[in-house]
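Inside the fold
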Amino acid sequence: NKAKVNEAIEQVERIKSDFLDTVSHELRTPLTIFRNVISNTLEQYNGRLAEKERSNLELADESIKRFSKIIADFVDLSQLEAGTVRLFPCEIDIKRMVEQVLSKFGKRIINRRIVIRSDIPAAIKARGDALRIRQITECLIDNAVKFVDDGGNIIIAATQVQNGFELAVTDDGPGISEEMIANVFNKFVQFTKQVGAGDHGTGVGLTIAKRFVELHGGKIWVESKPGRGSTFRFSIPNEIPQKAGTA
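The structure displayed is predicted, hence computed values, not measured ones.

Okay, the pairing of strand S7 (residues 230-237) next. S7 sits mainly inside the fold: six of its eight residues count as buried. As paired strands, strand S5 (residues 164-171) and S7 are joined by eight bridges and run antiparallel to one another. The partner of Ala-168 across the bridge, within S7, is Arg-233. Alignment of strand S6 (residues 219-224) against S7, held across six bridges, turns out to be antiparallel. Bridge pairing in S7 places Ile-220 opposite Phe-234. From the end of S6 to the start of S7, which pair antiparallel, there are five residues, and Gly-227 there has a positive phi angle of about 80 degrees.

Written as structure tokens, this is what we have:
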């Protein structure tokens, strides 16, 4: 009957989630070791490394970071689909959180001459899972950096709204067609523009962001037209639904 089928599906999702957790743990340990070795080598021998050697080590480091992100994305997606994600609500300083996220993009935006402006009042506070809201914000900024042209502009803004907050990431990139907007939060949807080997995504980042927003009881959407840039927005209420499995 239907109840048994649903129970079997849930069991399969749990097994898949457990498998991915185990595999990801086994992969993350050696990846962390490799990153530490590369980081220590660059720090200790930077002045004595030939340009090609330094470049190769930096490329290896970026590749490891990208692989680690792919693993994390698929584990998150699996746990979200299995319904095993728990939220840990706390008070969040939105301005400080955005500044911390932006610090991760320094080299990428400098190399491509991208200008990012953060327009967030210090008074804006929020309540939610700090790790997940930071993850949502990083996804939207990363998406803008990927698809904006070299020398382009990105604006991050946040406002206090009734019973919560809203955050928007606006870019002056190529924009998104109406057809693509309808599918932009679906799994494995890829935009056509790709800039460099390090900027190719997995096609699940926006899907994960949407699931985390909805888990908070919030909404996420995009406003865009071809040739006129894009604005991705999400809003999070202060009260998280009980069904979200908060701790």
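Applying the stated criterion across every chain yields a total of 16 salt bridges. Taking the shortest distance from any N to any O, the salt bridge between Glu-166 and Arg-233 comes out at 3.4 Å. Highlighted residues: Glu-166 in strand S5 and Arg-233 in strand S7, separated in sequence by 67 residues. Judged by relative accessible area, Arg-233 falls into the partly exposed class, the value being 23%. Among the charged side chains, a network of salt bridges with common partners joins Glu-51, Arg-54, Glu-58 and Lys-107.

Moving on, we come to the nonpolar core. Within the largest apolar cluster, 45 residues are counted, with the highest numbers of intra-cluster contacts made by Ile-94, Ile-156 and Phe-234. Looking at this core, the elements that each hand over two or more residues are helix H2 (51-82), helix H3 (94-102), helix H5 (130-147), strand S4 (153-161), S5, helix H7 (205-215), S6 and S7. The biggest single contributor to this core is H5, with seven residues. Those residues within four positions of Ile-94 in sequence are excluded, and the remaining contacts are Ile-120, Ile-124, Ala-126, Ala-158, Phe-165 and Leu-167. Counting six residues, the second largest nonpolar core, distinct from the first, contains Leu-42, Ile-64, Ile-71 and Val-75.

Now for the side chain of Ser-224. Mapping Ser-224 onto the fold places it in strand S6. With a relative accessible area of 16%, Ser-224 lands in the buried category. Here the side chain of Ser-224 touches Ile-176 through a polar contact of 2.8 Å, landing on its backbone nitrogen. If sequence neighbours within four positions are ignored, Ser-224 has contacts with Gly-175, Ile-176, Ile-181, Gly-229 and Ser-230.

This paragraph deals with the sheet that holds S6. Pairing in this open sheet of five strands is mixed, and the strands run S2-S4-S5-S7-S6 from one edge to the other. At either margin of the open sheet sits one strand with a lone partner, and together these are strand S2 (115-119) and S6. Recorded for the sheet is a direction-independent mean angle of 15 degrees between the axes of neighbouring strands. Examined bridge by bridge, S2 and S4 share five bridges and lie parallel to one another. In the sheet register, Ser-118 faces S4, and the bridge partner there is Ile-156.

Right, let's talk about the packing of H3 against H5 for a bit. Interaxial distance between H3 and H5 falls to 10 Å at its minimum, and their mutual angle equals 50 degrees. Here H5 runs oblique to H3, going by the angle between their axes. With respect to the hand of their crossing, H3 and H5 are arranged in right-handed fashion. Across the interface between the two elements, Met-97, Val-98, Gln-100, Val-101 and Leu-102 of H3 pack against Ile-133, Arg-134, Thr-137, Glu-138 and Ile-141 of H5. The class makeup of the residues in the contact of H3 with H5 is six nonpolar, two polar and two charged.

Within H3, the full set of buried residues consists of Ile-94, Met-97, Val-98, Val-101 and Leu-102. Looking straight down H3, one finds its buried side chains confined to an arc of 135 degrees; they lie on one side. For H3, the side-chain oxygen to backbone nitrogen distance between the N-cap and Lys-95 is 3.3 Å, and the N-cap itself is Asp-93.

It is worth spelling out unusual backbone geometry at this point. A positive phi angle, near 55 degrees, is found at Arg-113, a position not held by glycine. When you line up the elements, Arg-113 lands in the loop between helix H4 (106-111) and S2. In this structure, Asn-163 takes a positive phi of about 65 degrees despite not being glycine. Relative to the assigned elements, Asn-163 resides in the loop between S4 and S5. Residue classification places Asn-163 among the exposed residues on the basis of a relative accessible area of 56%.

The rules behind each value
Residues numbered from 1 in each chain as written. Predicted model: local features only at pLDDT ≥ 70, side-chain atom pairs only at ≥ 80, totals over all residues. Heavy atoms only, no water. Buried < 20%, exposed > 50% of the residue type's maximum accessible area, 1.4 Å probe, protein only. Helix = DSSP H or I, 4+ residues; strand = E, 2+ residues; numbered from the N terminus. Pairing = 2+ DSSP bridges. Salt bridge = Lys/Arg side-chain N within 4 Å of Asp/Glu carboxyl O. Core = buried A, V, L, I, M, F, W, Y, C linked by side-chain atoms within 4.5 Å. Contact = heavy atoms within 4.5 Å. Polar contact = N/O pair within 3.5 Å; in protein donor to acceptor, adjacent residues only side chain to side chain. Axes fitted to C-alpha atoms, helices over the stretch in contact; angles between N-to-C directions. Parallel < 35°, antiparallel > 145°, perpendicular 65-115°, else oblique. Left-handed = near helix turned anticlockwise from the far one by under 90°. Nonpolar A, V, L, I, M, F, W, Y, C, P; charged D, E, K, R; others polar. Arc of directions from axis to C-beta.

Distances and angles like these do not, on their own, reveal function.
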